[in-house]
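# Structural features, examined
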Amino acid sequence: MQISPSILSADFANLQSELDAISNADWAHVDVMDNHFVPNLTLGLPIVEALLKVSPIPLDCHLMIEDPDRWAPGYAEAGAQSVTFHVEAARDPRALARTLRAAGARAGMAVKPGTAWAPYEELLPELDMVLVMTVEPGFGGQSFMADQMPKVAQVREAVRRNGGEIWVQVDGGVSAKTIEQCADAGADVFVAGSAVYGAESAAAAVDELRALAESHGHGS
Ligand SMILES: O=C(CO)[C@H](O)[C@H](O)COP(=O)(O)O
Ligand SMILES: [Co+2]
């Protein structure tokens, strides 16, 4: 069970200290948005390169961008430890996942709430993580979509069948109120932005979320 706080809800003027505040987390989730794939603009490769130099924990880069086939490899080459692209935007997800792995990153593939999982199951051997979005991508602080839990369970079942060590991540509206149902459905990596950075102590929120997930996990 791993916790990946999203720095989307952090103070962008003080990202180094905001990363230090979650050094007890497993990953720092970095939401890259390009104003095209989603109607919001955050940060890109130069900022990720700067964060990689100072982060006490590895970076989990969630690319909400058009043309990830072109842009995602640069994040892996820069040293990002995990790079997740959206399958809706990728021209050749299989080749892209292979390129990310060859550059030394874990390869993640994300599916939006309206995207079915079944057509992509055959890509599992190329992947280290599947991200099931539990909000429409684009903004932090949105309401959790419990109707995505059957998809989380479907992905977990496919991972079991595939036999690989593939993580199942949920992202969007994850909090102390919603994390247990995600763990019950089969998620094992939990992104939380507002629930961590909106808390009085970000580190305490990370510990609380991890304890809740671990008490409900599927045991892998
Ligand atoms: O990818 C994202 C939005 O597209 C963010 O990672 C996500 O929304 C985290 O924020 P919160 O926990 O506040 O929902
Ligand atoms: Co995200």
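Definitions and limits used
Residues numbered from 1 in each chain as written. Chains lettered and ligands numbered in written order. Predicted model: local features only at pLDDT ≥ 70, side-chain atom pairs only at ≥ 80, totals over all residues. Heavy atoms only, no water. UniProt positions renumbered as here; feature names shortened; annotations may be inferred. 1 Å grid on protein atoms, 1.4 Å probe; cavity = no way out; pocket = protein on both sides within 12 Å on 5 of 7 lines; lining within 4 Å. Helix = DSSP H or I, 4+ residues; strand = E, 2+ residues; numbered from the N terminus. Buried < 20%, exposed > 50% of the residue type's maximum accessible area, 1.4 Å probe, protein only. Polar contact = N/O pair within 3.5 Å; in protein donor to acceptor, adjacent residues only side chain to side chain. Pairing = 2+ DSSP bridges. Points joined across faces, edges and corners; volume = space filled by probe spheres on them. Nonpolar A, V, L, I, M, F, W, Y, C, P; charged D, E, K, R; others polar. Axes fitted to C-alpha atoms, helices over the stretch in contact; angles between N-to-C directions. Contact = heavy atoms within 4.5 Å. Expected span 1.5 Å × (residues − 1).

## Digging into the UniProt feature "binding site: substrate" (unreviewed entry) in the chain
According to UniProt, the "binding site: substrate" (unreviewed entry) feature falls on Ser-6, His-62, Gly-138, Phe-139, Gly-140, Gly-141, Asp-171, Gly-172, Gly-173, Gly-193 and Ser-194. Looking only at the residues we just named, the largest cavity is lined by Ser-6, His-62, Gly-138, Phe-139, Gly-140, Gly-141, Asp-171, Gly-172, Gly-173, Gly-193 and Ser-194. Mapping Gly-141 onto the fold places it in the loop between strand 6 (129-133) and helix 5 (149-162). On the basis of relative accessible area, Gly-141 is assigned to the exposed category, the value being 63%. One can find Asp-171 in strand 7 (residues 167-171). A polar contact of 3.1 Å, which involves the side chain of Asp-171, links it to the side chain of His-29.

## Description of the pairing of strand 8 (residues 189-192)
The alternating pattern of strand 8 places Val-189 and Val-191 and Phe-190 and Ala-192 on opposite faces, both of which are buried. Direction of pairing for strand 1 (residues 2-5) relative to strand 8: parallel, over a ladder of 4 bridges. Of the residues in strand 8, the one forming a bridge with Ser-4 is Val-191. Bridge count between strand 7 and strand 8: 3 bridges; the pairing is parallel.

## Digging into empty space enclosed by the protein
Counted under the stated rule, the structure contains 1 cavity of 30 Å³ or more. By volume, the largest cavity amounts to about 190 Å³. If you trace the largest cavity, you find 22 residues lining it, with Leu-8, Phe-139, Gly-140, Asp-171 and Gly-172 closest to the centre. Those elements giving two or more residues to the lining of the largest cavity turn out to be strand 2 (28-33), strand 3 (59-64) and strand 8. Grouping the amino acids of the lining of the largest cavity by side-chain chemistry returns 10 nonpolar, 10 polar and 2 charged.

## Brief notes about the sheet that holds strand 8
Spatial strand order, 1-8-7-6-5-4-3-2: 8 strands in an open sheet with parallel pairing. Edge positions in the sheet fall to strand 1 and strand 2, since each of these pairs with one other strand and no more. Within this sheet the neighbouring strands show an average axis-to-axis angle of 25°, counted without direction. Both strand 6 and strand 7 contribute to a ladder of 5 bridges, which runs parallel. By the bridge assignment for strand 7, Met-133 is matched with Asp-171. Against the sheet, helix 3 (residues 68-77) contacts strand 2, strand 3 and strand 4 (82-86), and its axis sits at roughly 170° relative to strand 4. Against the sheet, helix 4 (residues 93-102) engages strand 4 and strand 5 (106-111), with an angle of about 165° to strand 4.

## Brief notes about the layout of surface pockets
Any empty space left between atoms is shown by rolling a water-sized probe over those atoms. Roughly 170 Å³ of volume is contained in the second largest pocket. Taken together, Val-32, Met-33, Asp-34, Leu-41, Leu-43, Gly-44, Leu-45, Ile-65, Trp-71, Gly-74 and Tyr-75 make up the lining of the second largest pocket. If you list the elements that add at least two residues to the lining of the second largest pocket, you get strand 2 and helix 3. The biggest single contributor to the lining of the second largest pocket is helix 3, with 3 residues. Along the lines of polarity and charge, the residues of the lining of the second largest pocket split into 8 nonpolar, 2 polar and 1 charged.

## A word on the UniProt feature "binding site: a divalent metal cation" (unreviewed entry) in the chain
Cross-referencing UniProt, the feature "binding site: a divalent metal cation" (unreviewed entry) maps to His-29, Asp-31, His-62 and Asp-171 in the present numbering. Taken along the chain, the residues just named run across 143 residues; in space they keep tight, none of their C-alpha pairs more than 10.5 Å apart. Restricting the annotated residues just mentioned to those that line the largest cavity leaves Asp-31, His-62 and Asp-171. Its location among the elements puts His-62 in strand 3. Sequence-distant contacts of His-62, that is, excluding residues within four places in its chain, are made with His-29, Val-30, Asp-31, Val-32, Thr-84, His-86, Ala-110, Leu-131, Met-133 and Asp-171.

## Here's the deal with helix 5
Along its 14 residues, helix 5 runs 20 Å from first to last C-alpha, staying within 8% of the 20 Å computed at 1.5 Å per residue. Taken residue by residue, helix 5 has Met-149, Lys-151, Val-152, Val-155, Arg-156, Ala-158 and Val-159 as its buried positions. Tucked into the core, helix 5 has its buried residues touching strand 5, strand 6, strand 7 and helix 6 (179-185).

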